[in-house]
Amino acid sequence: MKQRLLPAILTGLLLAGCNTSNSNWEPVSVPPGNDTALAAFVTGKKQLAKDLELKGRLVEARREWRYVSAADPKDEESRTHIADLTEIIDARKAEYLKEGDAALAKGQTRQAQAAFLKLLVLDPSDEDAVTRLRKIDRTLALGNQGKKDKEALSDYRATVAREQDTSEEFEAQVNVPMKKGDYRKVIDVSDQFLKRNPGSKSATGYRKSAYISLIDESRAKGRYREALTYLDTVSEMAGDDEKPALEEKARAVRLELAGQLYSQGLAVMNSNLSKAVEQLAEAVSLDPDNWRYKQSYNQAHKMQENLGRIGGSKPKN
Amino acid sequence: MTRTLTRLVSAMAFAVLAAGCATEQVRVEAPRDTVVARTDDFVLVRAGAMDTPRTLAKTYLNDENKFAAITEANAAETFTPGQIVAIPLRTAKAWTVDADGYQVVPILCYHQFGAGNRARNRMEVSQNAFEQQMAWLKDNGYTVVNLSDMHAFLSGEKALPEKAVVITIDDGYRSTYDIAFPILKKYGFPATVYVYSDFVGGGMALTWAQMTEMEDSGLIDVESHSKTHTSMALLPKETNGPAYKERITREIVTPDGVLSSKLGKPIRHFAYPYGDTSPTAMSILQERGYATATTVQRGGNPSFADPLILRRDMVYSDDKLSDFQKYVAVRVDMKLR
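All of the points below concern the structure found in this document. (Residues numbered from 1 in each chain as written. Chains lettered and ligands numbered in written order. Predicted model: local features only at pLDDT ≥ 70, side-chain atom pairs only at ≥ 80, totals over all residues. Heavy atoms only, no water.)

**Things to note about the overall build of chain B**
- For chain B, the count of helices and strands is ten helices and 17 strands.
- Residue pairs in contact within chain B that sit at least 24 positions apart in sequence constitute 64% of those at least 6 positions apart.
- Of the accessible surface of chain B, which amounts to about 14,400 Å², a share of 52% is contributed by carbon and sulfur atoms. (Helix = DSSP H or I, 4+ residues; strand = E, 2+ residues; numbered from the N terminus. Contact = heavy atoms within 4.5 Å. Areas by Shrake-Rupley, 256 points an atom, 1.4 Å probe, with all protein chains shown as cover.)

Pasting the structure below:
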């Protein structure tokens, strides 16, 4: 043991008189009296602990005494202070907790809050205090739901209602064209209103309904491309929950357009072959699983190629 | 043999160290720190020549960014070789409560902005007023923090600067991008923009491209303000049953999905429309892992505030600078010892 300590003691002694050099040393475990760095640490921490005690910061003081005790396990003073402080801290914590809980039981939330805050000041790591303070804060906040800045909220509601819900003037302007089926007029009036009241749900709703009606109208008239354009517009306005239905609708319109293009392609096969090829190709792209479209497109395409080879010229339009 | 070797080592060590004392020219390899004592709560080490709070934090706390715990425990930012250093192994929570009161963090709530001096209603703060308010924050030493910092503060994980404030903007009006964003960029202030998903892309609302651009700036955090901007509290004819829960769930879940997929990030913060909430709404937000949710009840937020019912101060067009200054109070004084 002596042999192992010897180099360390020598090192410690040298270090004590040599503050500035980058000296080398071995791990030491020597009494603070023989180790100036350790002695300085112990002295500094003791002073700090006493200062903290005087300021009433007992938990922090105890922490400093614990450092002292670990650095110098034989130090009696630190052990005494740790024991005394622990006793005082535990007693005060119990007292604050009891006081807070009693106030809470009587519905005296402010008093309870003060008691738990005192507990938290005493011991910043006390989770019981934080849990109770948070519960009080939540209760106060929920209880104050009706006591919000009433004037402000009334203004807020009025603003939102004005901008997002309805306007008699707007309703009056939009109702008649809606009933008459003048959907473009409805869109126009809604757009104007939305410029002034960007969040208006009512106007957004009317606008969306008008576009949906235009989709149906266009489909009924066989104007499928137009219907698809309207569908794109509605999709931009739609919420996520509406999107699957709109996608399904768009798929149906694409199939209808494919059927229309197929019929048109067949109808112009003899008179305008390149147009027929173009229309059949688009029908295939819109409904790739339809074998009839594919077959007709292949035939038309082949005819076009053959004509090109024979005549060296494009088919007559 | 062993005794001889030990003597030799001692003599060599003595010679080397003595030489170092005499000339201060001899440089030896930087020694590592060594443990003096260890408990479950802390470790005492003798600092090596190259040790700093960061190197010690890396060695003993597995994270050099936790160095503040070491500087605080030793009231020092540098160490001399051989100095005994206390390293707390358990990070103390920062509840920012002291004997004279506690810190509160105000959250400002804006809605719309009008160009120049324009303010068409109480909810529309003029560009000039907003600029003046931001300049005042800067000139008066406020640090604008984001809601993630706020969440860390509420968890006791992070202390915020004494004058910390959060800026939020509700609804997602286009004026957020046109007017507020350039001013926020000018001052380098972060802000949270709460949007309700049904509003996006309509009329004068923000577009996805604008929101993405603001997010990419690193200053703006786009978060949820429900689907349709309906109250989350029980409506007059509503009962607290499954239909109500379903409605509230839809108001929370739909924008969560839309915003996270469009913006490519998780949505973690929520603003209750009109500031109205209920235990049901709070419980759904908690289940879905939301970090914070804000109301419009006035007042600052202490570190022990419930993160799912935070207070905010709405800023109005007719507010004077003196009103604004009241909104950003950062301390509640109280004798607590």
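Once the structure has been displayed, the description carries forward.
**Focus on the environment of Ser 217 of chain B**
Residues and elements named next belong to chain B.
- Note on placement: Ser 217 falls in the loop between helix H7 (208-216) and strand E12 (220-224).
- Remark: the alpha-carbon pair of Ser 217 and Pro 190, spanning 27 residues in sequence, is separated by 9.6 Å.
- Here Leu 219 takes part through its backbone nitrogen, which lies 3.1 Å from a polar atom of the side chain of Ser 217. (Polar contact = N/O pair within 3.5 Å; in protein donor to acceptor, adjacent residues only side chain to side chain.)

**Here we look at unusual backbone geometry**
Residue and element names in this part refer to chain B.
- Positive phi, close to 85°, is recorded for Ser 226, a residue that is not glycine.
- Position of Ser 226 relative to the elements: it lies in the loop between E12 and helix H8 (242-263).
- The exposure class of Ser 226 is buried, given its relative accessible area of 0%.
- Its identity is not glycine, yet His 229 carries a phi of approximately 65°, on the positive side.
- For His 229, the position within the fold is in the loop between E12 and H8. (Buried < 20%, exposed > 50% of the residue type's maximum accessible area, 1.4 Å probe, protein only.)

**A short note on the pairing of strand E2 (residues 42-46) of chain B**
Residue and element names in this part refer to chain B.
- Counted residue by residue, E2 has five buried out of five residues, so it is predominantly covered.
- What you see with E2 is no split at all: Phe 42, Leu 44 and Arg 46 on one side and Val 43 and Val 45 on the other are buried throughout.
- The pairing of strand E1 (residues 34-38) with E2 spans four bridges and is antiparallel. For Arg 38, the partnering residue across the bridge sits in E2 and is Val 43.
- Between E1 and E2, which pair antiparallel one after the other, the connecting turn spans three residues.
- Where E2 lies against strand E3 (residues 84-88), five bridges are found, and the strand directions are antiparallel. Pairing of Val 45 across the sheet is with Val 85, part of E3. (Pairing = 2+ DSSP bridges.)

**Details of the pattern of salt bridges**
- Inspection of every chain in the model, using the stated rule, returns 39 salt bridges over all chains.
- As a salt-bridge pair, Arg 46 of chain B and Asp 35 of chain A come within 2.3 Å of each other at their nearest N and O atoms. Taken together, the residues span two chains, with Arg 46 of chain B in strand E2 and Asp 35 of chain A in the loop between helix H1 (2-16) and helix H2 (36-54).
- Residue Arg 46 of chain B is classed as buried on the basis of its relative accessible area, which comes to 3%.
- Its salt-bridge partner being Glu 64 of chain A, residue Arg 63 of chain A comes within 2.9 Å of it at the nearest N-O pair.
- Owing to a relative accessible area of 0%, Glu 64 of chain A belongs among the buried residues under this scheme.
- One salt-bridge network, held together by shared partners, links Lys 46, Lys 50, Asp 75 and Glu 77 of chain A. (Salt bridge = Lys/Arg side-chain N within 4 Å of Asp/Glu carboxyl O.)

**Regarding H7 of chain B**
Residues and elements named next belong to chain B.
- When we look at burial in H7, the residues that qualify are Gln 210, Met 211, Met 214 and Glu 215. On an axial view of H7, the arc spanned by its buried residues comes to 135°, and they lie on one face. Set apart from the buried face of H7 by more than 90 degrees, the exposed residues are Ala 209 and Asp 216.
- The elements touched by buried residues of H7 are helix H6 (175-187), strand E11 (191-195), E12 and H8.
- With its phi angle positive at about 80°, Gly 218 sits one or two positions after the end of H7. (Arc of directions from axis to C-beta.)

**Thoughts on the side chain of Ser 126 of chain B**
- Structurally, Ser 126 of chain B is set in strand E8 (residues 124-126).
- Polar contacts involving the side chain of Ser 126 of chain B include one to the main-chain amide nitrogen of Ala 129 of chain B, which spans 3.1 Å.

**Considering the nonpolar core**
- Judged by nonpolar contacts, the single largest core of 59 residues is most densely connected at Leu 108, Tyr 110, Met 134, Leu 137 and Ile 167 of chain B.
- The biggest single contributor to this core is H6 of chain B, with six residues.
- If sequence neighbours within four positions are ignored, Met 134 of chain B has contacts with Tyr 110, Ile 167, Ile 183, Leu 184, Tyr 187 and Phe 189 of chain B.
- Tyr 96, Leu 133 and Ile 136 of chain A together with Ala 37 of chain B belong to the second-largest nonpolar core, a separate cluster that totals 43 residues. (Core = buried A, V, L, I, M, F, W, Y, C linked by side-chain atoms within 4.5 Å.)

**So, the sheet that holds E3 of chain B**
Residues and elements named next belong to chain B.
- Across the sheet, three strands lie side by side as E1-E2-E3; this open sheet has antiparallel pairing. Of all the strands in the sheet, the pair left with one neighbour each is E1 and E3. Strand-to-strand twist of the sheet, defined as the mean angle between neighbouring strand axes without regard to direction, takes the value 30°. (Axes fitted to C-alpha atoms, helices over the stretch in contact; angles between N-to-C directions.)

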